[in-house]
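Descriptive structure summary
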Amino acid sequence: MTTDSGELELVGAEGNTDHTVVTVVDDHDAIQLAVQIWCREARPPISIGAGYRSTTDFLAAHRDGSPAVVVFDLEQNQHRPDFAGLEKVAAMGHRVIVYSHLAGDEVILRCLELGAVTFIVKSEGRSHLIDAVRAALVLEPHVGPMMAKAIFHDRNVGRPKLAAREQEVLIAWFQTESKDLVGQKLRISSTTVRTHLQRVRAKYAAAGRPALTKSALVARAIQDGIIFLDDL
Amino acid sequence: MRQCSSLTAAAVALLDPAVPGASNTVLMMGLAVWAIYRLVTRSRSAIATAGDVVVLVVIGAAIPVLATPDEFFGMASVPQTVVAVSIATLGVQLPALWSATVLAVGICAYVSGASAVVGWGGALLFHDLLSIVVAWTVSVLLRLAIERVARTADQAHQDRLAAEVAAGVAQARRNSDREQLAMLHDTAAATLLLVGHTPHVPVERVAAQASRDLMVLQARPVTDHCAPVDVIRLLRDDSTYLDVPIYFTGLDHLWLDAEPAHALVAASREALNNVDRHAHANSVTIYAGRHRLDITDDGRGISTGTSRGHGIDQSIVARMQRVGGRAFVHSAPGGGTTVELQWRSDDEELISAGSRDDDELERNLWSRYGLALTASNILVVTVGLWHALSANIQMPAVQIGLAVAVALCALSAPLTVRHGGRWVLPGVVATLTGIAIVQQATLSESELVYASWSQAAVGFCLLPHLLRSPFARGLAFLLTLWIIPAVIVLTRVPTVHMVLAFAVGAAAFLVPQIAAFSFITSVRTSLRLARRENATRLRLEARVGVAEAMASQRDRRYSDTVARLVPLLRTLSQRGPITEELRRQARAECRRLRALFDESGPESTLLSKRIQSLIGQAERRGVNVTAHVDGDLPTMSLDTAERVLHHIDAALDRASTWARVVLTSAHDEVDLSVVCDVAGRRSPVRRPSGGAEVVVDKDTVWMTLRAG
């Protein structure tokens, strides 16, 4: 992959959090409300816009708007994952955080391939979701614990070769959901754990389907020195 | 085959001018008539078989009437052929003990008959008996091989069936589980999450949601419209309400998809109602086939001129057409009525899936049946050669050489079957034909009649080579092998006697050879048919399992969970204040639901059930536990499982408010991880025994263990 400096500049401008809208697409008022309350209660608070009950509503409202961070329920109205909807939203350049009760590896990997920036399983709790939203706002790669497991188990051809250390971090992160504990066990700082996870996500995005979000993620990762051009 | 051979033998005997006598003619006519009767009726009853035994005993005992001493010196006489072929075919048909009895009886009859012609103790008598015993041995060998092939194929099929049903059921369980969990997630879990984890949530909103959840959860689950239905059972149930007696023929069970099944039952019901109301019938017969159901009555019939009315057109014909089927009504005044219902089958695409079975069967066929054929062939060659040598023929060395060549040809069959190119088989046929021609050319005219062992041997030798050949091709080869030497010999010795000798030889050897060959083809055909049927059965059985699994799902976990959720949701729907106690309850239920969502599926092992029970204990102490158990854990020894459980128990015991249990597979081993907080717990953190690693971070303890 080649990333010219022009794109890096563009991405840098896009990373301005002041104007990026955070929104929820979920057919349950309860979830919309919960996410809104969590964002407002977060320290520091995250400003969050109106929620939408369906992908169609969201797309209608954001037809030509700037890229938003979308907390996206995968199963709206029907009981099957709405991959097509996810793909549409991601293709428009929105940073999609899939927030679903589904935790199957194949569902998670499919979502990442379709352009979701991260995947948080509803059972993982609010702090992970808030972390994911914050990461998406500043265009940082983020890996949720269940997502870590899915990446760890991914045996698809064409997937990036993860270093042994990165695999260790992935599985430990899934086991504990705590970067501090992972750091303690592997004798590294929790910041290094975070860097490992970001690096994995960036590598993963680079190997995945071409999408706006992917180039953004990878560009950001290169800017931050998480990933090197040699790695690509 | 037995009857074809008898008929040929009888025809030969009747046409033979050298055998005079009225009793001979009568007996042979009788034999021919019996053979034709058996060929026409194709009965497999015990009486018919007993009749065959009687025929062979009579023919054996009547040798003095049937053959002159001169006749009897031939390679194969008419009575000998009938007795030997009958015994051989019965050897294939009957269990070994029974056929041994038949052999004993046959030999007794034959000996008593033959001794009257050639005297006791003659070498010829001994040879004849030997060939009969050899024929029997060969047939028993073949029977054993057939049984073995059948058993192996059955077993393989059963195993595959069981595996596929299990896989189908597991898949369906996962699907049904997902469906139910998705429903729970959309309703109660969402509401409880809101209540439990979000302060200052509007009471009105919670009440409205809780009421909706209650409505959804308490509604009866939709019955599964895809479950297969046994049409015959439904019709039997229906038939008890009718006055006319109903007889069922054909299939005992007819499992069909719900949609065509219900149409079929409804159409049949209408047809039966018509019979009951209008036909004045004494009985109704329902024949069930795989694609057809016939309902036939012996009533007064429908006259073709009158209008058929709404019943037949709408309730029967149109109904069947709606599900892609057809219906016909055949009737004549006074002649009863037949309603014929047909439906489409969509199992055709499944048939191509069986090529793996085909290969297995081919291998099996070769290894068992081919081996038996080769053994039989060597036996036949040995006996034939010995027969010839003991008759003091010229050039015995040539005979031995030829026999060895035939035996080698037989032994090379596995190579032809496995690696045979296009020209290998014709090559083998040419070689064998050559051997037969040379063998017979080296015999003098007088020797030809009794020392021509190649007549029998080359055909048997070819059989193992034909295992993969199509029927027509194989038959052509067999006939070539038979006819070319016969024509050459007959041009050399053009006597009636020789023609008859060949005809008897055909009855004794060619017919059994063709039968043995056609067996291979018929096994292949019946396997294909069986596979087609099995594919349908497999699908249907899997669906039955699915339906059962879904029913039991609704019965067990689902109803427990709903029963627990209902009181809480009811309280919430009453718009009362959301107290701390309610929040706590909501959180607890949320955790339970989460555990349910996290679980890999209902087929989760005993291990995950015991882990769940440990988690339950901790939750009762007020510890919030999240758990994840991989669905595809490797098989663990009992010791390993106990060790894992012990560590979970010990770790959870230390937890004060929350814990996270993760059990994942790591190649052939399992990784256990338990993270929990130990704030406020007095007991110091001890290092657990048995290779577990512990990391402590402030109040959090993380224990990991690799076991396998």
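Keep in mind that what you see is a predicted model, and the values were worked out from it rather than measured.

What counts, and at which threshold
Residues numbered from 1 in each chain as written. Chains lettered and ligands numbered in written order. Predicted model: local features only at pLDDT ≥ 70, side-chain atom pairs only at ≥ 80, totals over all residues. Heavy atoms only, no water. Helix = DSSP H or I, 4+ residues; strand = E, 2+ residues; numbered from the N terminus. Contact = heavy atoms within 4.5 Å. Areas by Shrake-Rupley, 256 points an atom, 1.4 Å probe, with all protein chains shown as cover. Buried < 20%, exposed > 50% of the residue type's maximum accessible area, 1.4 Å probe, protein only. Phe/Tyr/Trp six-rings, centres within 6.5 Å; stacked < 30°, edge-to-face > 60°. Lys NZ or Arg CZ within 6 Å of the ring centre and 35° of its normal. Salt bridge = Lys/Arg side-chain N within 4 Å of Asp/Glu carboxyl O. Polar contact = N/O pair within 3.5 Å; in protein donor to acceptor, adjacent residues only side chain to side chain. Nonpolar A, V, L, I, M, F, W, Y, C, P; charged D, E, K, R; others polar. Core = buried A, V, L, I, M, F, W, Y, C linked by side-chain atoms within 4.5 Å. Axes fitted to C-alpha atoms, helices over the stretch in contact; angles between N-to-C directions. Parallel < 35°, antiparallel > 145°, perpendicular 65-115°, else oblique. Left-handed = near helix turned anticlockwise from the far one by under 90°. Pairing = 2+ DSSP bridges. Patch = residues over 30% accessible without salt bridge, like charges linked within 9 Å, V, L, I, M, F, W, Y side chains within 5 Å. pLDDT = per-residue confidence, 0-100. Expected span 1.5 Å × (residues − 1).

A word on the overall build of chain A
- Check the secondary structure of chain A and you find eleven helices and four strands.
- Considering only residue pairs separated by 6 or more positions, chain A has 68% of its internal contacts joining residues 24 or more positions apart.
- When the accessible surface of chain A is summed, it comes to about 9,300 Å², and 50% of that surface belongs to carbon and sulfur atoms.

Structural notes on the overall build of chain B
- When helices and strands are counted, chain B shows 23 helices and twelve strands.
- Considering chain B as a whole, with its 708 residues, one finds that 51% of them fall into the buried category.
- Within chain B, counting contacts between residues at least 6 apart in sequence, those at least 24 apart form 75% of the total.
- Total accessible area on chain B is roughly 33,200 Å²; 60% of this is exposed by carbon and sulfur atoms.

Quick word on the packing of aromatic side chains
- Under the definition given, this model contains two aromatic pairs over all chains.
- Centroid distance tyrosine 52 of chain A to phenylalanine 58 of chain A: 5.6 Å. Interplanar angle 80 degrees. Geometry classified as edge-to-face.
- Looking at tyrosine 52 of chain A, the relative accessible area reads 16%, which means it is buried.
- Relative to tyrosine 37 of chain B, the ring of tryptophan 34 of chain B lies with its centre 5.7 Å away and its plane at 35 degrees, an arrangement referred to as tilted. Linking tryptophan 34 of chain B with tyrosine 37 of chain B, this pair stays in helix H2 (residues 22-41), spanning three residues, or about one helical turn.
- The class of tyrosine 37 of chain B is partly exposed, set by a relative accessible area of 45%.
- The cationic tip of arginine 110 of chain A hangs over the ring face of phenylalanine 83 of chain A; the distance from NZ or CZ to the ring centre is 4.2 Å.
- For lysine 185 of chain A, the ring lying beneath its charged end belongs to tryptophan 702 of chain B, and the centroid distance is 4.8 Å.

A short note on the interface of chain A and chain B
- Opposite the 31 residues of chain A that make contact, chain B presents 34 residues.
- Linking chain A to chain B there are one salt bridge.
- Put simply, chain A and chain B have seven residue pairs in polar contact (both at pLDDT 80 or more) between them.
- Where the side of chain A that touches chain B is concerned, the elements lending two or more residues are helix H2 (29-41), helix H7 (145-153), helix H8 (164-176) and helix H9 (179-186) of chain A.
- Ranked by the residues each element gives to the side of chain A that touches chain B, the list is headed by H2 of chain A, at eight residues.
- The residue inventory of the side of chain A that touches chain B, partitioned by class, reads 13 nonpolar, eight polar and ten charged.

A few points about the pattern of salt bridges
All names here are of chain A.
- Using the criterion set out here, one finds 20 salt bridges over all chains in the structure.
- Put simply, glutamate 166 and lysine 203 hold a salt bridge, and the shortest N to O gap is 3.4 Å. Here lysine 203 lies in helix H10 (residues 190-207) and glutamate 166 lies in helix H8, a separation of 37 residues in the sequence.
- The class for glutamate 166 is buried, based on a relative accessible area of 3%.

Concerning the nonpolar core
Residue and element names in this part refer to chain A.
- Judged by nonpolar contacts, the single largest core of 57 residues is most densely connected at Val35, Ile97, Leu129 and Val133.
- If we skip the residues at most four places from it in the chain, isoleucine 97 touches Val69, Val70, Val71, Phe72, Val117, Thr118, Ile120, Leu129, Ala132, Val133 and Ala136.
- Membership of the second largest hydrophobic core comes to 50 residues, among which are Val25, Val98, Leu102 and Val182.

Considering unusual backbone geometry
All names here are of chain A.
- Residue arginine 43 is joined to proline 44 through a cis peptide bond whose omega torsion reads -5 degrees.
- For proline 44, the location among the structural elements is in the loop between H2 and helix H3 (55-61).
- The residue leucine 139 is not glycine, and still its phi comes out positive at about 60 degrees.
- The residue leucine 139 is located in the loop between helix H6 (126-137) and H7 in this model.
- Look at leucine 139 and you get buried, because its relative accessible area is 4%.

Some details on the packing of helix H18 (residues 454-462) of chain B against helix H19 (residues 471-492) of chain B
Residue and element names in this part refer to chain B.
- Two elements in contact, H18 and H19, have axes separated by 10 Å at closest approach and are oriented at 160 degrees. When the interaxial angle is binned, H18 and H19 end up roughly antiparallel. Two packed elements cross with a definite hand, and for H18 against H19 that hand is right-handed. Across from Gln455, Val458, Gly459 and Leu462 in H18, the residues of H19 making contact are Phe477, Leu478, Leu481 and Trp482.
- Taken together, the residues that form the contact of H18 with H19 break down as six nonpolar, two polar and no charged.

Digging into the pairing of strand S8 (residues 624-629) of chain B
Residue and element names in this part refer to chain B.
- With five of its six residues buried, S8 lies for the most part within the structure.
- Where S8 lies against strand S9 (residues 658-666), six bridges are found, and the strand directions are parallel. The partner of alanine 627 across the bridge, within S9, is valine 661.

Side note on a nonpolar patch on the surface
Residue and element names in this part refer to chain B.
- Together, Ile378, Ile400, Val404, Leu408 and Leu411 give the surface a local cluster of nonpolar side chains, amounting to about 430 Å² of exposed area.
- Broken down by element, the residue count for the nonpolar patch peaks at four residues, all from helix H14 (residues 396-411).
- Within the secondary structure, isoleucine 400 is located in helix H14.

Considerations on the sheet that holds strand S2 (residues 69-72) of chain A
Residue and element names in this part refer to chain A.
- Sheet architecture is open: four strands sit in the order S1-S2-S3-S4, paired in parallel fashion. Strands with a single pairing partner mark the edges of an open sheet, and in this sheet they are strand S1 (22-25) and strand S4 (118-121). Looking at each pair of strands side by side, their axes are set apart by 20 degrees on average, direction ignored.
- Bridging between S2 and strand S3 (residues 95-100) involves four bridges; their strand directions are parallel. Paired with valine 69 across the two strands is arginine 95, which belongs to S3.

Description of the confidence of the model for chain A
- Mean pLDDT over chain A stands at 83; residues scoring 70 or higher make up 87%.
- For the stretch residues 1-17 of chain A, pLDDT sits under 50, and the model shows 21 contacts to residues farther than four places along the chain or on other chains.

Observations regarding the environment of glycine 106 of chain B
Residue and element names in this part refer to chain B.
- The residue glycine 106 is located in helix H7 (residues 96-118) in this model.
- For glycine 106, a relative accessible area of 0% corresponds to the buried category.
- Apart from the residues within four sequence positions on either side, glycine 106 is in contact with Leu56 and Ile87.

Side note on H6 of chain A
Residues and elements named next belong to chain A.
- If you check H6, its first and last C-alpha atoms are 16 Å apart, about what twelve residues at 1.5 Å a residue would give, namely 16 Å.
- When we look at burial in H6, the residues that qualify are His128, Leu129, Ile130, Ala132, Val133, Ala135, Ala136 and Leu137.
- Two residues or fewer past H6, leucine 139 is found with a positive phi of approximately 60 degrees.

Here we look at the sheet that holds strand S10 (residues 669-677) of chain B
- The strand order S8-S9-S10-S12-S11 (chain B) describes an open sheet built from five strands, whose pairing is mixed. The open sheet has two edge strands with one neighbour each: S8 and strand S11 (693-697) of chain B. For this sheet the average axis-to-axis angle between neighbouring strands, irrespective of direction, equals 10 degrees.
- Taken together, the five bridges between S11 of chain B and strand S12 (residues 700-707) of chain B define a ladder with antiparallel strand orientation. Among the inter-strand pairings, valine 694 of chain B is bridged to a residue of S12 of chain B, identified as methionine 703 of chain B.
- Seen against the sheet, H8 of chain A touches S8, S9, S10 and S12 of chain B and runs at an angle of roughly 145 degrees to S9 of chain B.

Section: the pairing of strand S4 (residues 284-288) of chain B
All names here are of chain B.
- Only one face of S4 is buried, namely the one carrying Val284, Ile286 and Ala288, since none of Thr285 and Tyr287 on the opposite face is buried.
- Pairing geometry for strand S2 (residues 246-250) and S4, over five bridges, is parallel. Considered in S4, the bridge of phenylalanine 248 is made with isoleucine 286.
- Bridge count between S4 and strand S5 (residues 292-297): five bridges; the pairing is antiparallel. Bridge pairing in S5 places alanine 288 opposite leucine 293.

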